[in-house]
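# Chain and residue survey
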Amino acid sequence: MTMKASSRQADGVTIVDLSGRITLGEGSVVLRDTMRDLSAQGHKKILLNLVNVSYIDSSGVGELVSAFTSVRNAGGELKLLNLTQKVHDLLQITKLHKVFDIQDDEAVAIGAFDQ
Amino acid sequence: MNATRVSYTLESTLASVNKAEQSAEEVAARSGFDTDECGRIALAVREATVNAVLHGNRCDPTKHVTVSFDSTPEALTMAVRDEGPGLNPATLPDPLAPENLLKESGRGIFLIRAFMDEVRFRILSPGTEVIMVKFVRGPDRGGSKEDNQ
């Protein structure tokens, strides 16, 4: 299953709806390109909606980390929304669940960004 | 179930990674693992094959990756072998260390170790073979999950 990404706006937050697999190759590239485009457009509050991300490998984990650090280094915030159990388990094993702000309600997640 | 062995010789490409992963999931299902375990086994084989293609063979089209599956009623043993310069797993940084937590790479072997019951590395001449064992009903003995050879 190929990876797809689309973005929308809500209360100043850019929500990126991702679907498919974030793995080495196409999936990681789609996420990287999406984040690069958002950065170029000046988006600094980003919520990655992973509800339809069925699978992620270590390369995909690395892309999430890269997205997090690049947004943070630009003075922004990145949060994760609606992780599947598989993805949550992977972030827990790698202890990245302590790094990311992981949310399970979109409205709450939007409200959690710094105003 | 009788013991069965399947082996593939694959090119050093991303397509081979997907092939190895898919084969692992199918073999794991036939070996009696549940859906979640099949996913973890497939991910471990995927990570091992990524390492073999990218870091071992460095995508060299003249080098190949061998992936094999040995299934018995007790365990599924998977081996991924490359023809690269060799890997010393003892030198790999700990991806959970605070200074490594935000690195973009370096989690593949860590995940293999997390998902498998036993992991062994064989240093070949040339190449590296990572051998991964998953017991059908979990490890039946205590001790370390890993044994480097």
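First things first, this report covers the structure right here in the doc. Quick caveat: nothing in here was measured; it's all calculated off a predicted structure.

Summing up its helical and strand segments, chain A has four helices and five strands in all. Over its C-alpha atoms chain A spans a radius of gyration of 13 Å, differing by no more than 12% from the 13 Å that the globule rule assigns to 115 residues. Each principal axis of the C-alpha atoms in chain A carries an extent, and together these give about 35 × 25 × 25 Å. Here chain A holds 115 residues, and the buried ones make up 43% of them.

With that settled, consider the sheet that holds strand β4 (residues 118–123) of chain B. Backbone-to-backbone hydrogen bonds join strands into a sheet, with any given pair of strands oriented parallel or antiparallel. Residue and element names in this part refer to chain B. Reading across the sheet, the five strands line up as β1-β2-β3-β5-β4 and stay open at both edges, with antiparallel pairing between neighbours. In this open sheet, the two strands that pair with only one neighbour each are β1 (4–11) and β4. Each neighbouring strand pair of the sheet contributes to a mean axis angle of 15°, computed without reference to strand direction. With six bridges connecting them, β4 and strand β5 (residues 128–135) associate as antiparallel partners. Of the residues in β5, the one forming a bridge with F121 is V130. In this fold helix α2 (residues 35–56) packs onto β2 (64–71), β3 (75–81) and β5, with an angle of close to 15° to the strand it touches most, β3.

Residues and elements named next belong to chain A. Between its terminal C-alpha atoms helix α1 (residues 26–40) stretches 21 Å, which fits the 21 Å expected from 15 residues at 1.5 Å a residue. Every buried residue of α1 is accounted for by G27, S28, L31, T34, M35 and L38. Viewed along the axis of α1, the buried residues span an arc of 130°, placing them on a single side of the element. In α1, those exposed residues whose orientation departs by more than 90 degrees from the buried face are D33, R36, D37 and A40. Of the surrounding secondary structure, the elements contacted by the buried residues of α1 are β1 (4–10), β2 (13–22), β3 (45–56) and α2 (58–73).

What follows deals with the sheet that holds β2 of chain A. Residue and element names in this part refer to chain A. Strand order across the open sheet formed by five strands is β1-β2-β3-β4-β5, with mixed pairing between neighbours. The outermost strands of the open sheet, each flanked by one partner alone, are β1 and β5 (101–103). Each strand axis lies, on average, 25° off the axis of its neighbour in the sheet, ignoring direction. As defined by bridge partners, β2 adjoins β3 across eight bridges and the pair is classed as parallel. When the bridges of β3 are listed, S19 appears paired with N52. Strands β1, β2 and β3 of the sheet are contacted by α1, whose axis makes an angle of about 165° with β2. Relative to strand β4 (residues 77–81), α2 is tilted by about 145°, and along the sheet it contacts β2, β3 and β4.

Moving on, we come to α2 of chain A. Residues and elements named next belong to chain A. Helix length check: α2, at 16 residues, gives a terminal C-alpha distance of 22 Å against a target of 22 Å (1.5 Å per residue), a fit within 8%. Within α2, the full set of buried residues consists of S58, S59, G60, V61, G62, E63, L64, V65, A67, F68 and V71. In the stretch just after α2, G75 is the one whose phi turns positive, near 85°.

Turning to the environment of N88 of chain B, a few remarks are in order. Residue and element names in this part refer to chain B. The topology assignment puts N88 in the loop between β3 and α3 (108–115). On the neighbour-count criterion, N88 (10 C-beta atoms within 10 Å) is exposed. Note: C-alpha distance between N88 and T128 (40 residues apart in sequence) is 8.8 Å.

Let's shift gears to the interface of chain A and chain B. The extent of an interface is frequently quoted as the accessible surface area lost upon association of the parts. Each side of the interface is counted separately: chain A has 14 residues, and chain B has 17 residues. Listed by contribution, the elements that provide at least two residues to the side of chain A that touches chain B are α2 and α3 (85–93) of chain A. Tallying contributions element by element places α2 of chain A first for the side of chain A that touches chain B, with six residues.

For the rest of this paragraph, the subject is the packing of α2 of chain B against α3 of chain B. Residues and elements named next belong to chain B. Where α2 contacts α3, the two axes come as close as 9 Å, and the packing angle between them is 150°. Accordingly, the angle class assigned to the pair α2 and α3 is roughly antiparallel. Like other packed secondary-structure pairs, α2 and α3 cross with a definite hand, here left-handed. Between α2 and α3, the residues in contact are R40, I41, L43, A44, E47, A48, V50 and N51 and G108, I109, L111, I112 and F115, respectively.

The subject of this paragraph is unusual backbone geometry. Following S125 of chain B, the chain continues to P126 of chain B via a peptide bond in cis, the omega torsion being 0°. In this structure, P126 of chain B sits in the loop between β4 and β5.

Criteria and thresholds
- Throughout, a residue's number is its position along its own chain's written sequence, starting from 1.
- All chains are assigned letters beginning at A, and all ligands numbers beginning at 1, according to the order in which they are written.
- It should be noted that, the model being predicted, local features are given only for residues of pLDDT at least 70 and side-chain atom pairs only at 80 or more, the latter also being counted only at that level, while totals for whole chains, interfaces and linings use all residues.
- Helix numbering and strand numbering both begin at the N terminus, where a helix is a DSSP run of H or I of at least 4 residues and a strand a DSSP run of E of at least 2.
- This radius of gyration counts C-alpha atoms alone. The globule rule is 2.2 Å times how many residues there are, raised to the power 0.38.
- Any residue whose C-beta has 12 or fewer other C-beta atoms within 10 Å is treated as exposed, any with 20 or more as buried, and any in between as partly exposed, C-beta atoms being built from the backbone.
- Strand pairing requires that DSSP identify at least two bridges connecting the strands.
- Axes here mean lines fitted to C-alpha atoms, for a helix over just the part in contact, with angles spanning 0 to 180 degrees between N-to-C directions.
- Two residues qualify as a contact pair if the distance between their C-beta atoms, derived from the backbone, is within 7 Å.
- To estimate how far a helix should extend, the number of its residues minus one is multiplied by 1.5 Å.
- The directions considered for the arc run from the helix axis to the C-beta atoms.
- In what follows, roughly perpendicular refers to angles from 65 to 115 degrees, roughly parallel to angles under 35, roughly antiparallel to angles over 145, and oblique to any angle outside these ranges.
- By convention, the crossing between two helices is left-handed when the near helix turns anticlockwise from the far helix through less than a right angle, and right-handed when the turn is clockwise.

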